[in-house]
Amino acid sequence: MASIESSSTDRPAPIGPVDSSKTPRYAGFATFARLPRLDQLPAGEKADVAILGAPFDSGVSYRPGARFAPAAVREASKLLRPYHPGLDFSPFQAVQVADAGDISINPFHLEEAMGQIEAHSEELVRAGSKLVTIGGDHTIALPLLRTMAREHGPVALLHFDAHLDTWDTYFGAPYTHGTPFRRAFEEGILDSSAVSHVGTRGPLYSKQDLTDDKRMGFGIVTSADVMRQGVDAVVQALRERVGSRPLYVSIDIDVLDPAHAPGTGTPEAGGMTSRELLEILRGLDGMNLIGADVVEVAPAYDHAEITSVAASHVAYDLVTLLAMQGR
Ligand SMILES: N=C(N)NCCCC(=O)O
Ligand SMILES: [Zn+2]
Ligand SMILES: [Zn+2]
């Protein structure tokens, strides 16, 4: 396991999280994992990895509320600690991780909203930050993928979700949370030889949904496959499919069973456990991860922060995987 714990450059040591043995976790402003805000870094210092909020839920087909997720996930992330034992790595020591705040997104104009997400993410990426974006509904993955493809060319995609999200339109609308990956396919920003859904389950509109999805190149690892084959076999198959291609990971929190993530807009029974999801993510260690998102947390339907805690741990694993690639 590649482990880069220190830097050879003359940049100052990263500013880490607020020390929870000095200031209690429940005190103070909420940033992701109690990390500094981007604007608190010394002048000229970049975030190697940035957590970015994308509060937007005007693309949903069912329960709204994911616009409140960035705040809820930050709040739930206060209990995260600096060392990741599963990956044997201290991400906040190795690189500068910072909270880049929320994008200002127009809730009344979908195209403008996507433009704002694309522009803001591009600015951060150009400044040298790898992004873990907290949605928001799944619509936000499309502008984020556009940004990634502009930097890297067509990208490999691992899409963790109960749903395919390769549907065509809803009520005639092309940009919704059920359609981002069909639009991405049409725009040529995905590397169709290396795209896969993981955790898929639940009723579809028709069998044609699967035919269309396959035509776009997607492989499917269902949630039942995860249960039957086990985490290690799934990880091996995903690694083989993606290889060393630039990889974007999009995680719809509804990939988890509603027992593990009740706070979401379109829940489906029979999902993965949070343990399975986290173990699959850890299995991606060493792959060419370029960015990630965690979407579809809808705090109003949550209980005891079950969903936002799960999302905060998922985001922490993604941050750690990105941090392991070094400064
Ligand atoms: N992306 C999420 N979470 N859901 C898409 C479901 C679209 C539908 O209502 O069929
Ligand atoms: Zn979903
Ligand atoms: Zn989705």
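- As recorded by an unreviewed UniProt entry, the protein chain carries the name Agmatinase and is attributed to Catenulispora subtropica.

### What about the overall build of the protein chain?
Part 1 of the argument: Across its full length, the protein chain holds 10 helices and eight strands.
Part 2 of the argument: In terms of overall dimensions, the protein chain is globule-like: its C-alpha atoms have a radius of gyration of 18 Å, near the 20 Å expected for 327 residues.
Part 3 of the argument: With the C-alpha coordinates of the protein chain rotated into their principal frame, the extents come out at 55 × 40 × 40 Å.
Part 4 of the argument: Counting all 327 residues of the protein chain, 55% fall into the buried class.
Part 5 of the argument: Taking as baseline every contact in the protein chain between residues at least 6 positions apart, the subset at least 24 positions apart corresponds to 79%.
Part 6 of the argument: Total accessible area on the protein chain stands at roughly 13400 Å², and carbon and sulfur atoms take up 54% of it.

### Focus on the pattern of salt bridges
Part 1 of the argument: Taken as a whole, this structure holds 21 salt bridges when the rule is applied.
Part 2 of the argument: Two residues, Arg126 and Glu151, come together in a salt bridge whose shortest N-O distance is 3.0 Å. With a gap of 25 residues between them, Arg126 in helix α3 (residues 110-126) and Glu151 in helix α4 (residues 141-152) connect regions that are remote in the sequence.
Part 3 of the argument: Relative accessible area serves as the criterion here: at 54%, Arg126 is assigned to the exposed category.
Part 4 of the argument: Among the salt bridges present, the one from Arg183 reaches Glu186, with a minimum N-O distance of 2.8 Å. Highlighted residues: Arg183 and Glu186, both in helix α5 (residues 180-186), separated by three residues, approximately one helical turn.
Part 5 of the argument: For Arg183, a relative accessible area of 7% gives the class buried.
Part 6 of the argument: We classify Glu186 as partly exposed; its relative accessible area is 48%.
Part 7 of the argument: Put simply, Glu118, Glu122, Arg126, Arg146, Arg150, Glu151 and Glu187 are held in one network by salt bridges that share partners.

### Observations regarding helix α1 (residues 69-76)
Part 1 of the argument: Among the eight residues that make up α1, six are buried, leaving the element largely enclosed by the rest of the structure.
Part 2 of the argument: When we look at burial in α1, the residues that qualify are Ala69, Pro70, Ala72, Val73, Arg74 and Ala76.
Part 3 of the argument: For α1, the secondary structure elements touched by its buried residues are β1 (49-54), β2 (97-102), β3 (130-135) and α10 (306-323).

### Comments concerning the coordination of the zinc ion (ligand 3)
Part 1 of the argument: Coordination sphere of the zinc ion (ligand 3), protein contribution only: His138 (ND1), Asp161 (OD), Asp165 (OD) and Asp252 (OD), at 2.0 to 2.1 Å.
Part 2 of the argument: Coordination of the zinc ion (ligand 3) draws on donor residues from a single chain, spaced H-x22-D-x3-D-x86-D in sequence.
Part 3 of the argument: A separation of 3.2 Å is found between the zinc ion (ligand 3) and the zinc ion (ligand 2), which share Asp161 as a coordinating residue.
Part 4 of the argument: You can call Asp161 buried: its relative accessible area is 0%.
Part 5 of the argument: For Asp165, a relative accessible area of 3% gives the class buried.

### Things to note about the coordination of the zinc ion (ligand 2)
Part 1 of the argument: Protein ligation of the zinc ion (ligand 2) involves Asp161 (OD), His163 (ND1), Asp252 (OD), Asp254 (OD) and Asp254 (OD), the donor distances falling in the range 2.1 to 2.5 Å.
Part 2 of the argument: Around the zinc ion (ligand 2) sit six donor atoms, and with donor-metal-donor angles ranging over 56 to 162 degrees the site reads as irregular.
Part 3 of the argument: Look at where the donors of the zinc ion (ligand 2) fall in the sequence and you get D-x1-H-x88-D-x1-D.
Part 4 of the argument: Of the residues examined, Asp252 reaches a relative accessible area of 2% and is grouped as buried.

### Quick notes on the sheet that holds strand β6 (residues 219-222)
Part 1 of the argument: Across the sheet, which stays open at both edges, the eight strands sit in the order β2-β1-β3-β8-β7-β4-β5-β6 with parallel pairing between neighbours. A strand with exactly one partner marks an edge of an open sheet, and here the two such strands are β2 and β6. The average angle at which neighbouring strand axes cross in this sheet is 15 degrees, direction not considered.
Part 2 of the argument: Relative to strand β7 (residues 247-252), strand β4 (residues 155-160) runs parallel, the two being bridged by five bridges. Each bridged residue has a counterpart across the sheet, and for Leu157 the counterpart in β7 is Tyr248.
Part 3 of the argument: Sheet strands in contact with helix α8 (residues 231-242) are β4, β5 (190-200), β6 and β7, and its direction is about 165 degrees off that of β5.

### Focus on the site of ligand 1
Part 1 of the argument: Lining the immediate surroundings of ligand 1 are Ser61, His138, His163, Asp165, Trp167, Tyr170, His177, Tyr205, Asp252, Asp254, Thr266 and Glu296.
Part 2 of the argument: His177 places a polar main-chain atom, nitrogen or oxygen, 3.0 Å from a nitrogen atom of ligand 1.
Part 3 of the argument: One of the side-chain nitrogen or oxygen atoms of Thr266 is found 3.0 Å away from a nitrogen atom of ligand 1.
Part 4 of the argument: Considering ligand 1 on its own, with 310 Å² of exposed area, one finds that the protein chains cover 92% of that surface.
Part 5 of the argument: Partitioning the shell around ligand 1 into residue classes produces three nonpolar, five polar and four charged.

Cut-off values and rules
- Residues numbered from 1 in each chain as written.
- Chains lettered and ligands numbered in written order.
- Predicted model: local features only at pLDDT ≥ 70, side-chain atom pairs only at ≥ 80, totals over all residues.
- Heavy atoms only, no water.
- Helix = DSSP H or I, 4+ residues; strand = E, 2+ residues; numbered from the N terminus.
- Rg over C-alpha atoms; globule rule 2.2 N^0.38 Å.
- Buried < 20%, exposed > 50% of the residue type's maximum accessible area, 1.4 Å probe, protein only.
- Contact = heavy atoms within 4.5 Å.
- Areas by Shrake-Rupley, 256 points an atom, 1.4 Å probe, with all protein chains shown as cover.
- Salt bridge = Lys/Arg side-chain N within 4 Å of Asp/Glu carboxyl O.
- Donors = N, O, S within 2.8 Å, 3.2 Å for Na, K, Ca; no water.
- Tetrahedral: all angles 85-135°; square planar, octahedral: opposite > 155°, others 65-115°.
- Pairing = 2+ DSSP bridges.
- Axes fitted to C-alpha atoms, helices over the stretch in contact; angles between N-to-C directions.
- Near = heavy atom within 4 Å.
- Polar contact = N/O pair within 3.5 Å; in protein donor to acceptor, adjacent residues only side chain to side chain.
- Nonpolar A, V, L, I, M, F, W, Y, C, P; charged D, E, K, R; others polar.

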